[in-house]
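Below, each chain spelled out in residue letters.
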Amino acid sequence: MLKKQVGVITLFTVSIAIILTLIYEFNWFSIHPDFMMVVRWVVAAVLTLNAVARKNLTTWILTCLVLGVFVGLDFPDLARAMQPLSQGFIKLVKTIVGPILFATLVYGIAGHSDLKSVGRMAWKSMLYFFCATSCAIFIGLIVINITQAGVGVDVAHMPHEELPAMSTIADADQKALEHIAPQAHGVYKFNAFIRDTFPENIVKAVYENKVLQIVVFGVIFGIGLALVEEKKRKPLVDFTESLSEAMFKFTNIVMLFAPIGVGAAMAYTVGHLGVDILKNLFMLLGSLYLALLLFLSCILLPIALFLKVPIRQFIHAIKEPVSIAFATTSSDAALPKAMNAMEKFGVPRKIVSFVIPTGYSFNLDGTSLYLSLASIFVAQAAGIPLSIGQQLLIAFTLMITSKGVAAVPRASLIVLIATADQFGLPTFVIAAILGIDELMDMARTSVNVIGNCLATVVVAKWEGEFDEEAPFKMDDTSEV
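The model shown is predicted, which means the values in this text are computed figures rather than measured ones.

Trainee: Got a minute to help me understand the overall build of the protein chain in this structure?
Mentor: Across its full length, the protein chain carries 23 helices and 0 strands. Burial statistics for the protein chain: of 480 residues in total, 52% are counted as buried. Taking as baseline every contact in the protein chain between residues at least 6 positions apart, the subset at least 24 positions apart corresponds to 83%. As presented, the protein chain carries roughly 21,900 Å² of accessible surface, and 68% of it is formed by carbon and sulfur atoms.

Trainee: Explain the packing of aromatic side chains to me, please; I cannot follow it from the model alone.
Mentor: Aromatic rings considered in pairs are described by the distance between their centres and by the relative angle of their planes. Counted by the stated rule, this structure contains 10 aromatic pairs. With centroids separated by 5.5 Å and ring planes inclined at 75 degrees, the aromatic side chains of Trp 123 and Trp 462 adopt a geometry described as edge-to-face. Here Trp 462 lies in helix 22 (residues 437–463) and Trp 123 lies in helix 6 (residues 115–147), a separation of 339 residues in the sequence. For Trp 462, a relative accessible area of 39% corresponds to the partly exposed category. With centroids separated by 5.9 Å and ring planes inclined at 20 degrees, the aromatic side chains of Phe 217 and Phe 221 adopt a geometry described as stacked.

Trainee: Can you walk me through the pattern of salt bridges in this structure?
Mentor: Oppositely charged side chains can pair when the atoms bearing their charge come close. Inspection of every chain in the model, using the stated rule, returns 14 salt bridges. For the salt bridge of Arg 195 with Asp 196, the shortest nitrogen-to-oxygen distance reads 3.0 Å. Given the relative accessible area of 42%, Asp 196 is considered partly exposed. Of the charged contacts, one joins Glu 465 and Lys 350 as a salt bridge, the two residues approaching to 3.4 Å between their closest N and O atoms. A residue pair is termed long-range when its members are at least 10 positions apart, and Glu 465 in the loop between helix 22 and helix 23 (470–473) and Lys 350 in helix 17 (residues 349–362) qualify at 115 residues. Members of the salt-bridge network, linked through shared partners, are Arg 120, Lys 124 and Glu 463.

Trainee: Can you walk me through the side chain of Arg 233 in this structure?
Mentor: Tracing the chain through its elements places Arg 233 in helix 11 (residues 230–254). Judged by relative accessible area, Arg 233 falls into the buried class, the value being 12%. Only 2.4 Å separates the side chain of Arg 233 from the side chain of Glu 230, close enough to count as a polar contact.

Trainee: Is there a simple way to explain the packing of helix 5 (residues 83–110) against helix 10 (residues 211–226) in this structure?
Mentor: For any two helices packed against each other, one specifies the inter-axial angle together with the distance between the axes. Remark: helix 5 packs on helix 10, axes separated minimally by 8 Å, with the N-to-C direction vectors making an angle of 30 degrees. In terms of orientation, helix 5 lies roughly parallel with respect to helix 10. The way helix 5 lies across helix 10 gives a crossing that is right-handed. Contact with helix 5, carried on its side by Val 97, Gly 98, Leu 101, Phe 102, Leu 105, Val 106, Ile 109 and Ala 110, involves Val 211, Ile 214, Val 215, Phe 217, Gly 218, Val 219, Phe 221, Gly 222, Ile 223, Leu 225 and Ala 226 of helix 10 and no other residues of that element. Classifying every residue of the contact of helix 5 with helix 10 gives 16 nonpolar, 3 polar and no charged.

The rules behind each value
Residues numbered from 1 in each chain as written. Predicted model: local features only at pLDDT ≥ 70, side-chain atom pairs only at ≥ 80, totals over all residues. Heavy atoms only, no water. Helix = DSSP H or I, 4+ residues; strand = E, 2+ residues; numbered from the N terminus. Buried < 20%, exposed > 50% of the residue type's maximum accessible area, 1.4 Å probe, protein only. Contact = heavy atoms within 4.5 Å. Areas by Shrake-Rupley, 256 points an atom, 1.4 Å probe, with all protein chains shown as cover. Phe/Tyr/Trp six-rings, centres within 6.5 Å; stacked < 30°, edge-to-face > 60°. Salt bridge = Lys/Arg side-chain N within 4 Å of Asp/Glu carboxyl O. Polar contact = N/O pair within 3.5 Å; in protein donor to acceptor, adjacent residues only side chain to side chain. Axes fitted to C-alpha atoms, helices over the stretch in contact; angles between N-to-C directions. Parallel < 35°, antiparallel > 145°, perpendicular 65-115°, else oblique. Left-handed = near helix turned anticlockwise from the far one by under 90°. Nonpolar A, V, L, I, M, F, W, Y, C, P; charged D, E, K, R; others polar.

In structure tokens:
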């Protein structure tokens, strides 16, 4: 009964605050800024009371996310000083990634000794990834060509920041490319990408958080273990099973820190950029969010409906990892929780442990869409006309070069810079949009996580191994 009463109070308070905010922002009536500050912190108190009453992690994460916005607005210096807390949370989560990927992959393959199923999962996953990212790229191209967000942009008055001094090409590869004809550069870069998926040292791969290298090592190790006789295989299989279970419990403990990490990340973002940054490049930001919504509603939702995935239960399952990804702009931070959630949703562990990590390199729906949209925006802002053929060439080049960037915040910006150089687009425009890149990164990273979670269900349904009853057995007590 208390939850219901607090819920009604929260809904009423938030509704009044939204109305007052609209009146203040559009200047319909004169409202003093100090009064709006009081309104924000009354809402903060009510949301905190609601979180205390509900006693679940999701509510605390969402509440701290909103509190982070308020701290960033009203105390920007304090907000910027909170960045180490968000960095600490992401570092803590990254300690989970290597062990949990290795353990779940090896156990999923060697524990069942069904190597044919691994091969089936691989080609089905890759086929789905290719189709999904292709759709994302085309939606990005269509939306930016309709909105023409870059046309007429006053580049001189856009916020400029120094570009990251990074490259997607290693120095050794850069030297090798100097001795190769330009028309063969694409082949070399693709082969270099394949080379870099193989780990030279698994400890180094775990240390550097190279997700794809850990996956490759885990798959090959699991296949090798599956070929060992039962007597010698069993101890290692039991070890990986115990390790994976322990790492999932470890994840649950770490996630207790998630509200603080998420709140600090959001506070830093708003305190560092300010809300006025939204007004500077509204068309680009609006185009991205529109395109992502179209992708979710026109591609992912129909796929889910066609496969008869229970939508409400699916949203309930993914809301925690998506909210973490949104606030931290890192898919890595959401990976353990996403894997745990999809296993509870009814996807077998062997499928979850293969599809989600692989999708982090090959199924970057949000990132692929953003890169296609942003590259054309750069050309429009610089007044460089591009034919449909040139746009498609840029888009599919980005689809190849973007592999493996989901786990690193802002890494997609590095890919965009490298591609702009390759096609003769001015990088100073990219420097201008750097100011709002983090706001765009929130949305595209969230879509990456949603797309990979749905991919596990698609493969599980395709394999005939999805537990149809599991989504309805999930605990509903954590509903907000």
